[in-house]
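Results of the structural survey
Chain residues, written in single-letter form:
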Amino acid sequence: MSERRGPTPIGQELIIPGLALGFTGYYFWTVQELAWEAKANGIVIGSILAGLVALLLLRTALRVARGQASLRVTLGGDPRTDRLRVGLLAIMLAFLLALPALGTTLALGLMLFAAMWLLGARHWPTLLGVSVATPLLVWATLMVGLGTRFPSGPAEAALGLLFGLGGD
Amino acid sequence: MALDLATVADLFARSFSLWWAILPGIALGLAVGVLPGFSPQNTLIILLPLTLAMDVEAALAFMIALYCANHLSGGIPAILVNIPGSGGAAATCIDGYQMTRNGQAQQALVLSFVASVVGGLITSVAVLAILPWLSQLGLVLRSVEMVVIILFGLTLIAVLAAKDMLKGLIGGMFGLMLGAIGTDQVYSTPRATFGFLELYDGLPLVPVLIGLFAVSECLVMLEQSFAPGAKPSKAQRPQWADTLDGLRMSVTYWWQIVWTGFLGLVIGVIPGAGAYIASFVAYQQSRLFSKTPERYGTGFPPGVIAPESANNGVTSGTLVPTMTIGIPGGSTAAVMMIVLQYQGIVVGPRLFQDSPNIAYGVFVMMTVTYLLMIPLILPLARYASKVVTVPVHVIVPLILGLTVVGAFADREYMFDMGLALAFGILGYVAVKSGYHVTSILIGVLLGPIFERYLLRSLRIGQGDIMVLFSSPVANALWVLLVASVVVPLWRERRLALRASRKEPA
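None of the values given here were measured: they were computed from a predicted structure. (Residues numbered from 1 in each chain as written. Chains lettered and ligands numbered in written order. Predicted model: local features only at pLDDT ≥ 70, side-chain atom pairs only at ≥ 80, totals over all residues.)

Across its full length, chain B carries 24 helices and two strands. Per-residue burial for chain B yields a buried fraction of 59% across its 505 residues. Here the contacts in chain B between residues at least 6 apart in sequence split such that 79% fall between residues at least 24 apart. (Helix = DSSP H or I, 4+ residues; strand = E, 2+ residues; numbered from the N terminus. Buried ≥ 20, exposed ≤ 12 C-beta atoms within 10 Å, placed from the backbone. Contact = placed C-beta atoms within 7 Å.)

Here's what the structure looks like:
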């Protein structure tokens, strides 16, 4: 006896086309008063894109009409992993917000520690080793070695004093 | 610069003098190739701050060495634990893992390494030999042809790499549309910048790349790794006798290495085809022409050789369209193209006239990389089985932290780090809903180039769009473009019809 299954959810397939069409509309709105040279590229690509999305919509409508698919939206993740994913993105967002105040070394260390903890790491030597060694490596190579002007904070100031890199 | 013997010798001398960049590239490529999730493009993305700061030739040598070594070591976990380290090693699992189960792990590793190194070496030399002819493309291709070539390249990526052609095309066109963000090329008026000054120069490629590949892959990796059934790696006891036995097998099947390597090269030249397709096609063709096809899947040496040789034949093939017409053959080639663009080098038909040392040098560097890898084969095969995989709860935070920090290093804007995160979410949605992120990235990458050629063509044609159909070469390319879309659809429909006729009522 075969297992009875419902129609395949395909609503998620419309997210990217929706974003693409939305962006194309916004693009057309921003170029409406510009010279043809500024519009030509967007019009050519936007028209092809609109045609392709129309084909996808037609295909979707046919599949839904035949009962083979439904417009339910799913990205296929289980609830536990989805929670971890959202938590990870929240940590990344907090990292970006804290970066100007804490500086790159400290913010990156905290971000790594929090992310590893969230994903289930409980081995203290790993937790501390990775979240201390990696920011120090970034500081030594990117900030000191290559001179990239990452946001600085108390950790950079302390490291600068420790290694005599205080500058002027 | 003509490619005579003296020039080749000079390029080889220059490449060998870059050993200090090639050897770390090889070591890093080998190390990260065994880690599923650490693809060559992700490793290159993490190291972008470093490569952008390096001299262009050293940066290229480093990236190429990492790329080639990564293709080689992707077979190690495929053979030992049945988990491919990269997409190109997926077909290696079939016979490689069976050899491990039959107690022939060392032999399988030697077969894999010899096939990879020899396959990569002979194909990079072959490409070097035909490059003088390919470099003439710059004299044939004008703006009209380039417009069609860009569309053709995106179409091929959609047809071959994406599982769903329509979605692949939508992804590519969305990318091209995003590539049009920024001030226009004639009047410098801002378009679709959402009011951000940081977007006036166009969408920055490094954060887009980081978001679409690294961030999105981390989000996907969580799901794959938290699922039950992950297999730990098994420790193997290495023996020199088994290693030498693998070498003997490699010599026995030398012809397999040669022809499947060239098959990989040909497939690699097609934009979008890549290592995954090449290795499976090589495996299938090797089985097709074998006198003992029934032995495939049971731990048969040619079943390891074919995908590994093709997988490395692809490395030189992928760079051919990148260097000759400016269409990256795959995602790693796209990363290299971004680094070259950052250094002010425009890849494409003019590269052979403007920077011949780069155009030819890339393939010489690849040859040198494979030559430097030869002495590593036997010791690597002996000790590779001791490699321990890094747990996901360490890899994911590390990739996220280092890549998002790397997004800042390019232009030193905090905005770019946020942009990488935003594109990460876009990339994740794209992956999970069946859209191909490579086609979106290549669209973004080619967007400004497409606009430049399109505007030039339209000016030549005084605003008439029919100028795009005014040249015989362009028209031939249009026909190929249409055929590449229509033929697979027609064949799919015919197969479906045949299958429905065979089904009993």
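This part is about the overall build of chain A. When its secondary structure is counted, chain A shows six helices and two strands. Beginning at the N terminus, the succession of helices and strands in chain A can be written as β-α-α-β-α-α-α-α. Its C-alpha atoms give chain A a radius of gyration of 25 Å, clearly above 15 Å, the size a compact globule of 168 residues would have. Principal-axis analysis of the C-alpha atoms gives chain A an extent of 70 × 65 × 20 Å. Counting the 168 residues in chain A, one finds 30% classified as buried. In chain A, once contacts between residues fewer than 6 apart in sequence are set aside, the share between residues at least 24 apart is 63%. (Rg over C-alpha atoms; globule rule 2.2 N^0.38 Å.)

Residues and elements named next belong to chain A. Where helix α3 (residues 79-102) meets helix α4 (residues 104-118), the closest approach of the two axes is 9 Å, and the angle between their N-to-C directions is 165°. Judged by the inter-axis angle, α3 sits roughly antiparallel to α4. Between α3 and α4 lies a crossing of right-handed hand. Taking contact as the criterion, the partners of Leu 84, Gly 87, Leu 88, Ile 91, Phe 95, Ala 98, Leu 99 and Leu 102 in α3 are, on α4, Thr 104, Leu 106, Ala 107, Met 111, Ala 114, Ala 115 and Leu 118. Across the contact of α3 with α4, the residue classes tally to 13 nonpolar, two polar and no charged. (Axes fitted to C-alpha atoms, helices over the stretch in contact; angles between N-to-C directions. Parallel < 35°, antiparallel > 145°, perpendicular 65-115°, else oblique. Left-handed = near helix turned anticlockwise from the far one by under 90°. Nonpolar A, V, L, I, M, F, W, Y, C, P; charged D, E, K, R; others polar.)

Residues and elements named next belong to chain B. Scored by pLDDT, chain B has a mean of 82; 89% of the residues are at 70 or more. Predicted confidence for residues 230-235 stays below pLDDT 50, and this span has 12 contacts to residues more than four positions away or in other chains. Across the assembled chains, the prediction reports ipTM 0.92 with pTM 0.76. (pLDDT = per-residue confidence, 0-100.)

Our next topic: unusual backbone geometry. In terms of backbone geometry, most residues other than glycine have negative phi values and most peptide bonds are trans. Positive phi, close to 55°, is recorded for Phe194(B), a residue that is not glycine. Residue placement: Phe194(B) occurs in the loop between β2 (190-191) and α12 (205-226).

Now for the interface of chain A and chain B. Listed as interface residues are 56 residues of chain A and, on the opposing side, 50 residues of chain B. Of all elements in the fold, only α1 (15-31), α2 (36-65), α3, α4 and α5 (124-145) of chain A reach the threshold of two or more residues within the side of chain A that touches chain B. With 15 residues, α2(A) is the single largest residue contributor to the side of chain A that touches chain B. Looking at side-chain class alone, the side of chain A that touches chain B contains 38 nonpolar, 14 polar and four charged residues.

What follows deals with the packing of α4(A) against helix α21 (residues 392-411) of chain B. The contact between α4(A) and α21(B) brings their axes to 9 Å, and the two run at 150°. By the angle class used here, α4(A) and α21(B) are roughly antiparallel. Crossing handedness for the pair α4(A) and α21(B): right-handed. Two secondary-structure elements touch here, α4(A) through Thr104(A), Leu108(A), Met111(A), Leu112(A), Ala115(A) and Met116(A) and α21(B) through His393(B), Val394(B), Pro397(B), Leu400(B), Gly401(B) and Val405(B). Residues belonging to the contact of α4(A) with α21(B) are distributed by class as follows: nine nonpolar, three polar and no charged.

Mapping Ala275(B) onto the fold places it in helix α15 (residues 274-288). Given 30 C-beta atoms within a 10 Å radius, Ala275(B) is considered buried.

Here we come to the environment of Leu49(A). Topologically, Leu49(A) is positioned in helix α2. Along the sequence, Leu49(A) and Thr24(A) sit 25 residues apart, while their C-alpha atoms lie 8.6 Å from each other. When sequence neighbours within four positions are dropped, the list of residues in contact with Leu49(A) reads Ala20(A), Thr24(A), Ile170(B), Met173(B), Phe174(B) and Met177(B).

Here the focus is α1(A). Its 17 residues give α1(A) an end-to-end C-alpha distance of 24 Å, which sits within 8% of 24 Å, the value for a rise of 1.5 Å per residue. Considered for burial, the residues of α1(A) that qualify are Ile16(A), Pro17(A), Ala20(A), Leu21(A), Thr24(A), Tyr27(A) and Val31(A). Take α1(A) and look down its axis: the buried residues cluster within an arc of 130°, on one side only. Residues of α1(A) that are exposed and point more than 90 degrees away from the buried face comprise Gly18(A), Gly22(A), Gly25(A) and Trp29(A). Among the structural elements, α2 of chain A together with α11 (165-178), β2 and α22 (414-432) of chain B are those in contact with the buried residues of α1(A). (Expected span 1.5 Å × (residues − 1). Arc of directions from axis to C-beta.)

This part is about the environment of Ser143(B). Residue and element names in this part refer to chain B. Considering the arrangement of structural elements, one finds Ser 143 in helix α10 (residues 143-160). When the C-alpha atoms of Ser 143 and Leu 454 are compared, they prove to be 7.0 Å apart, with 311 residues separating the residues in sequence. For Ser 143, the contacting residues outside a window of four places in its chain are Tyr 453, Arg 456 and Ser 457.

Residue and element names in this part refer to chain B. For helix α23 (residues 437-460), spanning 24 residues, the distance from its first C-alpha to its last is 34 Å, which sits close to the expected 34 Å at 1.5 Å a residue. Its axis deflected by about 45° at Leu 446, α23 carries its strongest bend there, up to four residues before the proline Pro 448. Of all the 24 residues making up α23, 20 are buried; the element is thus mostly covered by neighbouring parts of the structure. In the segment just after α23, Gln 462 is the residue with positive phi, at about 50°. (Bend = angle between axes of the 7 residues up to and from the residue.)

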